[in-house]
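A structural walkthrough
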Amino acid sequence: MILSRGKTDSASSRTAASGGTGSGLGIGRQARKAPAPTSLEDFIIKRDYTGARAFLEYTNDDEDEEETARGVKQRQVDQWIAFCNFHLGDYQQALGQYKTLQQSSTGADGKLDLNLAVCMFYLGLYEEAQLLMANAADNPLKQRLMFHLAHKLGNDEDWGQLQEELQNSSSLEQQLSLASMHYMRAHYQEAIDVYKRVLVDNKDYQAINVYLALCFYKLDYYDMSQEVLDVYLGQHGDSTIALNLKACNRFRLFNGRVAEQEIKNIADNGTFGADLLRHNLVVFRNGEGALRVLPGLLNIIPEARLNLAIYYLKQGDVQEAHALMKELQPTSPHEYILKGVVHAALGQQLGSKEHIKTAQQNLHLVGSSATECDTIPGRQSMASAFFLYEQFEEVLVYMNSIRSYFVNDDVFNYNFAQAKCATGYYKEAEELLMQITDMDIKNQHAYCMILAKCHIHCGHPELAWNVFITRDTNAEAFILLQLIANECYRCTEFWVAAKAFDMLEKLDPSPENWEGKRGACAGVLFALSTKAQRGRPGGGISEVIGLLRDSSNSQAETMIKTIRKHINSFK
């Protein structure tokens, strides 16, 4: 926060601010019901800036005043109108009005330069705002603005010095500005500490409870966030920002349908902050309307870019997701995570080691961070990084630590099963794969390959064979068949191996496939002669003879003659 503790709260609009789901939001204290204002000061005190602007426009009509007096009064009125426009969120209009006032000024005006700089800051014109700082009036507002400009422009030396000055200040505004900086830098506990200290001496500043709730939300303490937020909602039940945060808590604690109920009635009423609500409704509805809503919000709500990239990932359009993320310089854990996921998907799609390496770096950075290493996203990130490193024993360490939070999560179980399979825990991997209900996952080639391998190593080769016969005949099915043939042979499941090699020989009559079939049939004969528990066909020796008879290789007939000669040994 730079200018004040609140944004507009007029009779015709609810408190609101721009930002994404759980983002840093401006919170205003809503006015209590009182008699209608009769002066400009009354409107300003009640934060009814729409009313104040109208009051200024329609009371500036005294024609009896002298020209000089009228000029001075008009300048004062214009300054107040610009002030109202700023607090109504119309920063461009306010900037234009302040520039007009500057051009008509007869000398340097430090306060006017400062107001111009503040408007530029809110419009993202950080370098232009910095240029005005030399002539701006020296006051606490300038100090706060320079603090935030140093952060935006990456001037770490100036930022550190200004941070120390704000920490030593007893000013309420300076302390709130410091807390907001902690929030923007993802130092949420430090922000909470500042807000709590401020609230001890300023219990009537109820909006600070919303800031606290935002910090708890960012720390994944959704119940605690809602508990603090309810204090504010008890007095200001129609606050757009508070209702939006309540919806976000509901989304995390329950689901999108429950969250939607909190804001659907205020999403289209023209309130300031409608863009924020439209954005969050897309998230709550699992991406419904993403292409219609999110592209227009990319330069308004930072999270719109992230959520649109997530939508493209879910649709399998990895290139579009990468196009959105490639210019983004991550500054928060979830941005690093998403960038890592996009590069991992693109690397797998293109077979690019460079993209995989970038993904490893981003995910490992989050997972090893002191602030994130013990959070659920942090451990997921580290597990994903080790997955890409193919260090699956380490993957299991991190996934086991958060297993209880994802018992019924199909994506988690799929990844967990892959790590289990890679480390030889086939029975557990098989159970995890069988729990999955998402048909998009179950139709994936990789899922079928892993499931077939687990079935074989768990002594269920016929189930692996069933996985193959339910697949369409294509190149992926051929690869699956090769896996079944070789894994069954390795596990002495010779009968299913023989059937798989027989099918491979028909599709590709190469010497390798015949040799595999011949060896598997020999294994079946050994299993029959030794009365082994595995590797035997249900129909006995006749099924082996049937397989060999279908072969075009001359050695097949020799094997059949040998079998017939010693047929009594296989009964």
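The present account deals with the structure reproduced in this document.

Procedures and definitions
Residues numbered from 1 in each chain as written. Predicted model: local features only at pLDDT ≥ 70, side-chain atom pairs only at ≥ 80, totals over all residues. Heavy atoms only, no water. Phe/Tyr/Trp six-rings, centres within 6.5 Å; stacked < 30°, edge-to-face > 60°. Helix = DSSP H or I, 4+ residues; strand = E, 2+ residues; numbered from the N terminus. Buried < 20%, exposed > 50% of the residue type's maximum accessible area, 1.4 Å probe, protein only. Axes fitted to C-alpha atoms, helices over the stretch in contact; angles between N-to-C directions. Parallel < 35°, antiparallel > 145°, perpendicular 65-115°, else oblique. Left-handed = near helix turned anticlockwise from the far one by under 90°. Contact = heavy atoms within 4.5 Å. Nonpolar A, V, L, I, M, F, W, Y, C, P; charged D, E, K, R; others polar. Arc of directions from axis to C-beta.

Per the stated rule, a full pass over the model turns up 23 aromatic pairs. Arranged with centres 5.6 Å apart and planes meeting at 50°, the rings of Phe412 and Phe416 form a pair that is tilted. Here Phe416 and Phe412 lie together in helix H23 (residues 410-422), a separation of 4 residues that amounts to about one turn. Both residues of the pair, Phe412 and Phe416, count as buried. The interplanar angle of 85° and the centroid separation of 6.5 Å between the aromatic rings of Tyr489 and Phe501 together place this pair among those described as edge-to-face. Placement of Tyr489 in helix H28 (residues 475-490) and of Phe501 in helix H29 (residues 494-507) is noted, with a sequence separation of 12 residues between them. Under the relative-accessibility criterion, Tyr489 is labelled partly exposed at 36%. Put simply, the rings of Phe86, Tyr91, Phe121, Tyr122 and Tyr126 touch in pairs and so form one group of aromatic residues.

At a minimum axis separation of 9 Å, helix H4 (residues 91-103) and helix H5 (residues 110-122) run at an interaxial angle of 155°. In terms of their interaxial angle, H4 and H5 are classed as roughly antiparallel. The element H4 and its partner H5 pack so that their crossing is left-handed. Of the residues in H5, those in contact with Tyr91, Ala94, Leu95, Tyr98, Lys99, Leu101 and Gln102 of H4 are Leu112, Asp113, Asn115, Leu116, Cys119, Met120 and Tyr122. Of the residues in the contact of H4 with H5, the class split is 10 nonpolar, 2 polar and 2 charged.

The next subject is helix H22 (residues 392-401). Restricting attention to buried positions, one finds in H22 the residues Phe392, Val395, Leu396 and Met399. End-on view of H22: buried residues confined to an arc of 100°, all on one side of the axis. Check the buried side of H22 and you find it contacts helix H21 (376-389) and H23.

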